[in-house]
Amino acid sequence: QLQASGGGLVQAGGSLRLSCAASGRTFSSRGMGWFRQAPGKEREFVAAISRSGGSTYYADSVKGRFTISRDNTKSTVYLQMNNLKPEDTAVYYCAAGRTMLVAATSSEYDYWGQGTLVTVSS
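Calculation rules
Residues numbered from 1 in each chain as written. Predicted model: local features only at pLDDT ≥ 70, side-chain atom pairs only at ≥ 80, totals over all residues. Heavy atoms only, no water. Core = buried A, V, L, I, M, F, W, Y, C linked by side-chain atoms within 4.5 Å. Buried < 20%, exposed > 50% of the residue type's maximum accessible area, 1.4 Å probe, protein only. Helix = DSSP H or I, 4+ residues; strand = E, 2+ residues; numbered from the N terminus. Phe/Tyr/Trp six-rings, centres within 6.5 Å; stacked < 30°, edge-to-face > 60°. Lys NZ or Arg CZ within 6 Å of the ring centre and 35° of its normal. Salt bridge = Lys/Arg side-chain N within 4 Å of Asp/Glu carboxyl O.

**Student:** Just to check I follow, could you spell out the nonpolar core for this structure?
**Tutor:** Counting 35 residues, the largest nonpolar core has Trp34, Leu79, Met81 and Tyr92 as its most contacted members. Of all elements in the fold, only strand E1 (2–5), strand E3 (16–22), strand E4 (32–37), strand E5 (44–49), strand E7 (66–71), strand E8 (76–81), strand E9 (90–97) and strand E11 (116–121) reach the threshold of two or more residues within this core.

**Student:** What exactly am I supposed to notice about the packing of aromatic side chains here?
**Tutor:** Following the criterion strictly, the structure yields five aromatic pairs and no others. Pairing phenylalanine 35 with tyrosine 109 gives two aromatic rings, centres 5.2 Å apart and planes at 80°, and the pair type is edge-to-face. In this pair, phenylalanine 35 sits in strand E4 while tyrosine 109 sits in strand E10 (residues 109–112), placing the two residues 74 residues apart along the sequence. Residue phenylalanine 35 shares its accessibility class with tyrosine 109, and that shared class is buried. One aromatic cluster is present, built from ring pairs that chain together Phe35, Phe45, Tyr57, Tyr109 and Trp112. Looking at arginine 70, its charged tip hangs above the ring of phenylalanine 27, at a distance of 4.4 Å from the centre.

**Student:** Is there a simple way to explain the pattern of salt bridges in this structure?
**Tutor:** For the coordinates displayed, the defined rule picks out six salt bridges. For aspartate 88, the salt bridge goes to arginine 36, with nearest N and O atoms at 2.9 Å. In this pair, aspartate 88 sits in the loop between E8 and E9 while arginine 36 sits in strand E4, placing the two residues 52 residues apart along the sequence. Both residues of the pair, aspartate 88 and arginine 36, belong to the buried class. Here aspartate 60 ties to lysine 63 by a salt bridge, and the two come within 3.1 Å at their closest N and O atoms. Within the structure, one salt-bridge network assembled from shared partners comprises Arg36, Glu44, Arg65 and Asp88.

As structure tokens, this is what we get:
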């Protein structure tokens, strides 16, 4: 199971850190990812990290502003979001990948958290 938290309301230019806590024994063997879904839009990839944390991958829209990281001792993956923009407003979902590698498509993930809402005001 995956439990995402850390969402909230923030002004444009502000920061938030999302957390995703995993239960079970599979976390440390899997790549992890963050996706988001804005109202009326399809879910989109945000960031991914490999099992070891040595490889990361970002959507162009968040590159340079967001940082994904993980702590395998705590079975938790993080998404640090800086310089937030109104277009970042969405429900953010964490997901566990089918492999230990980074992955950018939702079909490569088979466990999903419940989502946490991020609202960025202008």
